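# Observations on chain architecture
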Amino acid sequence: PDSAYRRIRGDIAFSYSEAVRLAVDLNFSLDKLYCQIEDDHGTFDISTKNIQNAEESVYMMFQKYFLLMQEKDKAEKRLTILAVNHLLPIYSIGFNHILRFFYYKWFHQQSEEGLNLSFSEVHLSGRIKSICDEIQDYNTHAADCIYRVILDSNVYINFIDEVLYYHKRKLLTDNEFFAIKDDLFKMID
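Residues numbered from 1 in each chain as written. Predicted model: local features only at pLDDT ≥ 70, side-chain atom pairs only at ≥ 80, totals over all residues. Heavy atoms only, no water.

So, on to the nonpolar core. If you look at the biggest cluster of nonpolar residues, it comprises 40 residues, and the most contacted ones within it are Phe-62, Ile-98, Phe-101, Ile-128, Ile-135, Phe-159 and Ile-180. At the level of elements, α4 (54-72), β1 (79-84), α5 (96-110), α6 (126-141), α7 (155-168) and α8 (174-188) are the ones that each hand at least two residues to this core. Discounting chain neighbours no more than four positions away, the residues touching Phe-62 are Pro-89, Ile-90, Ile-93, Leu-99, Ile-128, Ile-131, Cys-132 and Ile-135. (Core = buried A, V, L, I, M, F, W, Y, C linked by side-chain atoms within 4.5 Å. Buried < 20%, exposed > 50% of the residue type's maximum accessible area, 1.4 Å probe, protein only. Helix = DSSP H or I, 4+ residues; strand = E, 2+ residues; numbered from the N terminus. Contact = heavy atoms within 4.5 Å.)

Encoded structure:
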């Protein structure tokens, strides 16, 4: 009881498992809570507060991740723990159709001109391709790191639902739909 009061007052930090248990029992999102903290250690800060251009915001997201990877390699202990409830764009690197879909979806949601564009009308910029190639190359030569990834049971289902949504709206052709599907099978394999 006394330790519970110390945790509530903020004298003692909650352990990760305690925080997860509280989030489940009280039905709140740890990532939303975490994002309220002004901290430079979040992998993705894709808010568009100061960025008017969807291409620029995607580039900045990948660039921030790349810098965090390089910073991580300087650490003595290299342990990364991720709890994921949706497919992160960073995992699409190396799966070009999925990467392009993430870009398309972001472009579609963040820019007025993107609302009526089909998937075939939106292409990755050379800058985004370049940073993704750098990340992929860096990953193959980076220092060893231990990764612990906790996947939500619906992580792929949510992504598939998004792809189906755009396909049903006729913004994705059948060929594009199947190309994304093939990439997803490669990713899961």
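The next subject is a nonpolar patch on the surface. Nonpolar side chains collect at one region of the surface, where Leu-79, Ile-81 and Ile-150 lie side by side and expose about 290 Å² of accessible area between them. With respect to the helices, strands and loops of the structure, Ile-150 is situated in strand β2 (residues 146-151). (Patch = residues over 30% accessible without salt bridge, like charges linked within 9 Å, V, L, I, M, F, W, Y side chains within 5 Å. Areas by Shrake-Rupley, 256 points an atom, 1.4 Å probe, with all protein chains shown as cover. Salt bridge = Lys/Arg side-chain N within 4 Å of Asp/Glu carboxyl O.)

Pairing is possible between side chains that carry opposite charge, provided their charged atoms lie close to one another. Counted according to the given criterion, the structure contains three salt bridges. With a closest N to O distance of 2.4 Å, Arg-127 and Glu-56 form a salt bridge. Placement of Arg-127 in helix α6 and of Glu-56 in helix α4 is noted, with a sequence separation of 71 residues between them. One network of salt bridges, in which partners are shared, links Glu-55, Glu-56 and Arg-127.

Mapped onto the secondary structure, Arg-148 falls in strand β2. The class for Arg-148 is partly exposed, based on a relative accessible area of 48%. Through-space distance from the C-alpha of Arg-148 to that of Leu-82 is 6.2 Å; in sequence the pair is 66 residues apart. Discounting residues that sit within four places of it in the chain, Arg-148 has contacts with Leu-79, Thr-80, Ile-81 and Leu-82.

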